[in-house]
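Read off the chains here:
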Amino acid sequence: MKDAATMASPAALASPDAYADAVATAVRAAAAYYADGSTPLGDDEYDALVRTIEAYEAGHPAEVLPDSPTGKVAGGAAVGDVPHSVPMLSLDNVFSAEELEAWAAGLERRLGRPVAAWCVEPKLDGLAVAARYRAGRLTTLLTRGDGLAGEDITHAADAVLGLPQRLAEPVDVELRGEVLLTQEQFEHANAVRTEHGATPFAHPRSGAAGTLRAKDRPYRVELTFFAYGAVGLPGLGHSALLARLAELGAGTAAATAAEPRRCTTLDEVRQRIDGIAALRAALPFGIDGVVVKADAVADQEEAGSGSRAPRWAVARKLKAQHKVTRLLAVEWNVGRTGIIAPRAVLEPVVVDGVTVTYATLHNPADIERRGLMLGDQVFVYRAGDVIPRVEAPLVDERTGAEQPIEFPQACPRCGDAIDTSEQRWRCVRGRGCQAVASIIYAAGRDQLDIEGLGRTRAVQLVEAGLVADLADLFTLTREQLLTLDRMGDTSADNLIAALGAARSQPLNRVFCALGIRGTGRTMSRRMAAHFGSMAAIRAADAEALAGVAGIGVEKAAVIVAELADVAGLLDRLAAQGVGTAVTAPVVAAPATAPGADTGAEADTGTEADTGAAGASAPLAGQSVVATGTMTGPLAKLSRNEVNELIERAGGKASSSVSKRTTLLVAGEKAGSKRAKAEELGVRIVSPEEFAELVAEQLV
Ligand code: IVH
């Protein structure tokens, strides 16, 4: 069997060998699909493969292989020995609005008149069954098989919701419809299967197939039936038939948001298709398309059927939401409350038009339940805005090179122990894990630069209950510190002094220390310059925040929400005099550089921390990039500190050289940025020359 990925492209088949290969692949995929619903190909890949086979056969009719899946119900794979009363047909597919229009025009040409009305309904992603009732009692349940004869699966009938043992009236009728697992039923099925040591189903449809066929299982898995046809209820148009089926007590899609609708124009049909497609992500069961049927009996009878499909109905296929890809790695992320959640890193795959690289794995128990291994081919599911998830591995496709997934032994964020007593693992520190991490971050060199407050001390302070967040640091007393292990007089004095110095850190650093999402060092500098005070930042709404270069509407909304979240912390910091310095906010700095983007530069070309007027500052209106290793008076400064210096001197610090750049501070090994600056004719100075230029600010 070829790798699914290599079969995904519908490239033309170039030789009889390639054609034979494609037929063999399709036959195997169809056989696996109809045996237990498993398949190494996603639906899109299978459809694309069959289309390449059809295209080849159209050009080489003499070479058509007898086992070719084209023109056969179920790709010729399904078997069964109970003859159907009337053949169970399949549906022709269209893949675009244009193809649908052409199909409808063809049907109307054949009829020699417009179609009286259409019925538009979901194409349910399960298995077709025929349920025979005698005097209103269910007697036999059959699979579709090859369309002419099916397999007897009556043993499974009482687990199928929507397929009553007794109908509301004592009629002789055969219901036809789809049996599927809703998402909830699928999750339940996999939970009980793994509890019983069985492998999980790869996705809901394979689950429905496996469950219907299974006999004598020690557990019960419920399924759902939706009727969309019948034998023995003649004279009813399609929508009237659906209403009658519901009246008899059968499940129909009428009870769902994607309910079938009668449409009189093709425009309405198109709208309803779009409507059902838009509902898809929110439906509690899978659909793989939308079925359009001529509603009137006269239209159906006159159009008739081919050997494989009726001419009065067609499936407008939607893109598959399940795709096969490879599980490359598992990452472990710690949330705000200390929950340690695994995330799958996948070989990028396009699902429903979006490239998926990461998918949720819920929790460690979930990984174990699904028996996942690194390198596995997995089914990934994505619908609408739903976070993609890994459904299950394709166990039959394993090569032996797969590796076990390693679970973390310690919290990946703070290194402490993990509480594994619940399904969702949690750092033993809970929210405190976040506290340790956020205190370490806040104390870092580019934020509050609190010397002597590294990981060990942060853990100690949190564990001793002295510190739960950043604000608590500033109420620490020498006496409290002395209660800690390995904390002598000198260390305590030093830490108190470092905390004292941190109180007077400028606004940009205090803001950065908060760790607000989307605001690193650069953005914090811009915000401090733009607003001038923490009070002004806190008072800003999303619109005001979006006035800062680099903050779009989405980020602005996140910042507003995060600031609201830390309101209490900010109040307590303010009470301690931390981040309370006020400077003149910048309305608009003059952009003097030729070709300067005034919008982008306006917010940042200022001296946020000294309060000096922008225009009188040595770098007023300049866009400055520092690169390479700083030497001389700048040697000890981090890149962030150099950038702060640039902005104190009235310039705008940037990390990349562009035509807007007016000055490059080129340290040792300046490399490509220097070359680019030379090419653009940008003025270049050494760190020593630059230090002289900004001597006043360099204190
Ligand atoms: S009508 C004679 N309606 O799709 C009409 N089929 O790909 C035959 N299916 O074999 C079927 N939802 O298993 C019809 N609303 C729907 C359907 C539906 C799902 C399945 C059915 C059919 C297959 C064709």
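Residues numbered from 1 in each chain as written. Predicted model: local features only at pLDDT ≥ 70, side-chain atom pairs only at ≥ 80, totals over all residues. Heavy atoms only, no water.

(A) Just the overall build of the chain, in detail. Within the chain one finds 25 helices and 23 strands. Scaling as 2.2 N^0.38, a compact globule of 699 residues should have a C-alpha radius of gyration of about 27 Å, whereas the chain reaches 34 Å, well beyond that. Within the span of the chain, comprising 699 residues, buried residues form 50% of the whole. Within the chain, residue pairs in contact and separated by at least 24 positions form 67% of the contacts whose partners lie at least 6 positions apart. As displayed, the chain offers around 30900 Å² of accessible surface, 52% of which is attributable to carbon and sulfur atoms. Across the chain, the mean location of the 71 positive side-chain charges is 0 Å away from that of the 89 negative side-chain charges. (Helix = DSSP H or I, 4+ residues; strand = E, 2+ residues; numbered from the N terminus. Rg over C-alpha atoms; globule rule 2.2 N^0.38 Å. Buried < 20%, exposed > 50% of the residue type's maximum accessible area, 1.4 Å probe, protein only. Contact = heavy atoms within 4.5 Å. Areas by Shrake-Rupley, 256 points an atom, 1.4 Å probe, with all protein chains shown as cover. Lys, Arg positive; Asp, Glu negative; His and termini not counted. Charge placed at Lys NZ, Arg CZ, Asp CG, Glu CD.)

(B) Spatial organisation of unusual backbone geometry. Here the phi dihedral of R486 falls at roughly 50 degrees; this positive angle occurs in a residue that is not glycine. Of note, R486 is situated in the loop between α14 (478-482) and α15 (489-503). Here R486 falls in the exposed class, since its relative accessible area comes to 60%. The phi angle at K669 is positive, at roughly 55 degrees, despite the residue not being glycine. Along the chain, the position of K669 falls in the loop between β22 (663-666) and α24 (672-680).

(C) Structural detail: the packing of aromatic side chains. The full count for this structure, using the stated rule, is six aromatic pairs. With 4.7 Å between their ring centres and 15 degrees between their planes, Y19 and Y56 make a pair best called stacked. A residue pair is termed long-range when its members are at least 10 positions apart, and Y19 in helix α2 (residues 16-36) and Y56 in helix α3 (residues 43-59) qualify at 37 residues. An identical accessibility class is assigned to Y19 and Y56; each is buried. An aromatic cluster is present here, built from W332, F407 and W425 joined pairwise through their rings. Between R193 and the ring centre of F201, over which it is positioned, the NZ or CZ distance is 3.9 Å. Over the ring of Y358 we find R343, and its NZ or CZ is 3.6 Å from the ring centre. (Phe/Tyr/Trp six-rings, centres within 6.5 Å; stacked < 30°, edge-to-face > 60°. Lys NZ or Arg CZ within 6 Å of the ring centre and 35° of its normal.)

(D) Quick peek at the state of the cysteines. Applying the stated criterion to the full structure yields zero disulfides. Considering cysteine sulfurs only, C433 is the nearest to C411, which forms no disulfide, with 3.6 Å between them. With relative accessibility at 4%, the residue C411 sits in the buried group. Note on C512: no disulfide assigned, nearest cysteine sulfur contributed by C433 at a separation of 20 Å. (Disulfide = S-S within 2.5 Å.)

(E) Main features of the nonpolar core. Counting 76 residues, the largest nonpolar core has I450, L470 and L473 as the members making the most contacts within it. If you tally residues by element for this core, the top one is helix α11 (residues 431-443), at six residues. Apart from residues no more than four positions distant in its own chain, L470 is found in contact with I439, A442, L448, A513, L514, L569 and L573. (Core = buried A, V, L, I, M, F, W, Y, C linked by side-chain atoms within 4.5 Å.)

(F) How the structure looks around a negative patch on the surface. A cluster of acidic side chains, namely E668, E688, E689 and E692, defines a negative patch on the protein surface. With respect to the helices and strands, E689 occurs in helix α25 (residues 687-693). (Patch = residues over 30% accessible without salt bridge, like charges linked within 9 Å, V, L, I, M, F, W, Y side chains within 5 Å. Salt bridge = Lys/Arg side-chain N within 4 Å of Asp/Glu carboxyl O.)

(G) Region of the structure containing the side chain of S68. With respect to the helices and strands, the residue S68 is situated in the loop between α3 and β1 (82-83). A relative accessible area of 3% places S68 in the buried class. Engagement of the side chain of S68 in a polar contact is seen with the side chain of E57, the distance being 2.6 Å. Excluding anything up to four places from it in sequence, S68 contacts Y19, V23, I53 and E57. (Polar contact = N/O pair within 3.5 Å; in protein donor to acceptor, adjacent residues only side chain to side chain.)

(H) Representation of the sheet that holds strand β2 (residues 92-94). The strand order across the open sheet formed by five strands is β2-β12-β11-β3-β10, and the pairing between neighbours is mixed. Only two strands of the sheet have a single neighbouring strand rather than two, namely β2 and β10 (261-263). Each strand of the sheet is rotated relative to its neighbour by a mean of 35 degrees, with strand direction disregarded. Sheet topology places strand β11 (residues 287-294) next to strand β12 (residues 313-317); five bridges connect them, and they run antiparallel. Residue pairing for β12: V292 is matched across the bridge by V314. Sheet contacts for helix α8 (residues 266-279): β3 (118-124), β10, β11 and β12; angle to β3, the most-contacted strand, approximately 20 degrees. (Pairing = 2+ DSSP bridges. Axes fitted to C-alpha atoms, helices over the stretch in contact; angles between N-to-C directions.)

(I) Representation of the pattern of salt bridges within the structure. Scanning the model with the defined rule gives 41 salt bridges in all. Between E222 and R220 there is a salt bridge whose closest N-O contact spans 3.1 Å. Taking the relative accessible area as the measure of exposure, R220 reaches 43% and is therefore partly exposed. A salt bridge links D366 to R369; the shortest N-O distance between them is 2.8 Å. Residue D366 and its partner R369 are located together in helix α10 (residues 364-370), separated by three residues, close to a single helical turn. For D366, a relative accessible area of 3% translates into the label buried. Here the salt bridges do not stand alone but share partners, grouping D47, K123, D288 and K317 into one network.

Take it as geometry only, folks, not as evidence of what the structure does.
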